[in-house]
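Analysis of the macromolecular model
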Amino acid sequence: MRNKQLDRAFGPTPDLFTRRIDQTLQGLKEEKSMKRFSIRVALIAALLLALLGGIAYALISQGLEWYYNNRFLAYQEYQPEKHEAILHHLQAVAHQQLPEDALVDVEVREASWAAEQKVLVISLAAVPKDAQRFELHPQWNLDADGGYVGADALDSYADDPDARAEHWLWTERGFGPIDEAMQDPTRQLILFDAPTACLRMAGREMSMALSSCSMDGYVSESGEVMTVLEIALDWLDPAYDEGLLEKMREEPQHTGLFQERLHEAQELRSLVQSSGGRVAISVPYTVTIYSPDDLQMHNSARQNTISFEMEIR
């Protein structure tokens, strides 16, 4: 893809990003800087910053309108109908059940049910309850390049210059060891993950991510960890059933799986059609306390759910 196409799809590179890349490259020459990147890791880090974190300096609320007009621009260029539909159905979420969580405060900020484009978008904000003790980052910013293999497996990756035994974190300061990437390494790092959403109706809770679900996480200018969930609602169209039936004929060995998915799609569609234009949605999330010990970190994960209601007309 050429530079002009990249600029149209993702927006021009901010001056702040350029300055920070220059600072990072200069810092690589200093003795006390982060560990030297390989070319591959440097390119991955630069791409992540440009596409996922390069505009976090904007002095605005960074809601969904900002997100689709400043951070994720591909729909404007390639799917303008979807961009228009998402913003047209954008609504603030007032009726929500805020969970009791010992580590973070979580809130659903906005949502958009764009049925004509078969997509649901949800925006969440999370902050640590005790900001003096904890520093919160998106879960997927940990080892964002996929280079972490752990000390036990490092010998098996002797030919990979990017394989490492220690965890690295991606933040606005760059990508590197935890204590160098955090804003304040004296605080305890905690990680937030909210990868999907469920429909809650008629005493049931059903996952809506039957076909695809994508998630983006970033830290806003005000320090909130923002999560944008985008869930495909292909199952709203009865044609989705025909696609599953076709797959049954093509892959008879997976008939049981496709039949289960077909039943879920029909039940979800029935619930939405009988909802009267208002649905209840829940978003499960996980808060993990970072530890260099992977087993300890895994066992520290705490799960909770936030629920809300929204209009779907």
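Analysis parameters
- Residues numbered from 1 in each chain as written.
- Predicted model: local features only at pLDDT ≥ 70, side-chain atom pairs only at ≥ 80, totals over all residues.
- Heavy atoms only, no water.
- Helix = DSSP H or I, 4+ residues; strand = E, 2+ residues; numbered from the N terminus.
- Buried < 20%, exposed > 50% of the residue type's maximum accessible area, 1.4 Å probe, protein only.
- Core = buried A, V, L, I, M, F, W, Y, C linked by side-chain atoms within 4.5 Å.
- Contact = heavy atoms within 4.5 Å.
- Axes fitted to C-alpha atoms, helices over the stretch in contact; angles between N-to-C directions.
- Parallel < 35°, antiparallel > 145°, perpendicular 65-115°, else oblique.
- Left-handed = near helix turned anticlockwise from the far one by under 90°.
- Nonpolar A, V, L, I, M, F, W, Y, C, P; charged D, E, K, R; others polar.
- Expected span 1.5 Å × (residues − 1).
- pLDDT = per-residue confidence, 0-100.
- Pairing = 2+ DSSP bridges.
- Phe/Tyr/Trp six-rings, centres within 6.5 Å; stacked < 30°, edge-to-face > 60°.

**Details of unusual backbone geometry**
Phi at Lys118 is positive, roughly 55 degrees, even though this residue is not glycine. Turning to its location among the elements, Lys118 is positioned in the loop between strand 3 (104–114) and strand 4 (119–128). Accessibility expressed as a relative area gives 27% for Lys118, which makes it partly exposed. Its identity is not glycine, yet Ala202 carries a phi of approximately 55 degrees, on the positive side. Structurally, the position occupied by Ala202 is in the loop between strand 9 (198–201) and strand 10 (204–207).

**Quick look at the nonpolar core**
Core analysis: the biggest nonpolar cluster contains 46 residues, and Trp113, Ile122, Met208, Trp235 and Ile281 have the highest contact counts within it. Broken down by element, the residue count for this core peaks at six residues, all from helix 9 (residues 255–273). For Ile122, the contacting residues outside a window of four places in its chain are Val108, Glu110, Ala111, Ala197, Thr227, Val228, Leu229, Ile281, Val283 and Phe308.

**Here's the deal with the packing of helix 4 (residues 64–71) against helix 6 (residues 80–88)**
Packing of helix 4 against helix 6 brings their axes to within 10 Å, and their N-to-C directions diverge by 160 degrees. Relative to helix 6, the element helix 4 lies roughly antiparallel. In this structure, the crossing between helix 4 and helix 6 has a hand that is left-handed. Seen from helix 4, the contacting residues are Leu64, Glu65, Tyr68 and Asn69; seen from helix 6, they are His83, Ile86 and Leu87. Looking at side-chain class alone, the contact of helix 4 with helix 6 contains four nonpolar, two polar and one charged residues.

**Structural notes on helix 8 (residues 239–250)**
Compared with the 16 Å implied by 1.5 Å per residue over twelve residues, the 17 Å span of helix 8 between its first and last C-alpha is a close match. In this fold, the buried residues of helix 8 make contact with helix 9.

**What to know about the confidence of the model for the protein**
Model confidence for the protein is summarised by a mean pLDDT of 85, while 81% of its residues fall at 70 or above. Ignoring residues within four places in sequence, the model shows residues 1–37, a span with pLDDT below 50, making 45 contacts including any to other chains. Long-range and interchain partners of residues 52–60, a stretch whose pLDDT sits below 50, account for 24 contacts in this model, where long-range means more than four residues apart.

**Some details on the sheet that holds strand 3**
Strand order across the open sheet formed by five strands is 1-3-4-12-11, with antiparallel pairing between neighbours. Edge strands, defined here as strands with exactly one partner in the open sheet, are strand 1 (90–92) and strand 11 (213–219). For this sheet the average axis-to-axis angle between neighbouring strands, irrespective of direction, equals 20 degrees. Direction of pairing for strand 11 relative to strand 12 (residues 225–232): antiparallel, over a ladder of seven bridges. Bridging from a neighbouring strand, Met215 pairs with Leu229 of strand 12.

**A few points about the environment of Phe308**
Note that Phe308 resides in strand 14 (residues 302–311). Distance in space between the C-alpha atoms of Phe308 and Val283 is 8.6 Å, their sequence separation being 25 residues.

**Focus: the pairing of strand 8 (residues 188–193)**
A large share of strand 8 lies buried, amounting to five of its six residues. The sheet contact formed by strand 5 (residues 134–138) and strand 8 spans five bridges and is parallel. Across the sheet, the residue bridging to Glu135 is Leu189, located in strand 8. In this sheet, strand 13 (residues 278–289) lies alongside strand 8 in antiparallel orientation, the contact comprising four bridges. Along strand 13, the bridge assignment pairs Phe192 with Val287.

**A short note on the pairing of strand 5**
Among the five residues in strand 5, five count as buried, and that is most of the element. On strand 5, burial covers both faces: Phe134, Leu136 and Pro138 on one face and Glu135 and His137 on the other are all buried.

**Quick notes on the packing of helix 8 against helix 9**
Axes are the key here: two packed helices are described by the angle between their axes and the distance separating the axes. Here helix 8 crosses helix 9 at 170 degrees, and the two axes come no closer than 9 Å. Relative to helix 9, the element helix 8 is oriented roughly antiparallel. Here Tyr240, Asp241, Leu244, Leu245, Lys247 and Met248 of helix 8 come into contact with helix 9, specifically with Thr255, Phe258, Gln259, Arg261, Leu262, Ala265, Gln266 and Arg269. The residue inventory of the contact of helix 8 with helix 9, partitioned by class, reads seven nonpolar, three polar and four charged.

**A closer look at the packing of aromatic side chains**
The geometry of an aromatic ring pair comes down to the distance between the two centres and the angle between the two planes. Enumeration over the complete set of coordinates arrives at ten aromatic pairs. Among the aromatic residues, those joined into a ring-pair cluster are Trp66, Tyr67, Tyr68, Phe72, Tyr75 and Tyr218.

**Quick word on helix 9**
An α-helical segment advances 3.6 residues per turn. Residues three or four places apart therefore align on the same side. Taking 1.5 Å of rise per residue, 19 residues should cover 27 Å, and helix 9 covers 27 Å from first to last C-alpha, within 8% of that figure. Those residues of helix 9 hidden inside the fold are in contact with strand 3, strand 9, strand 10 and helix 8.

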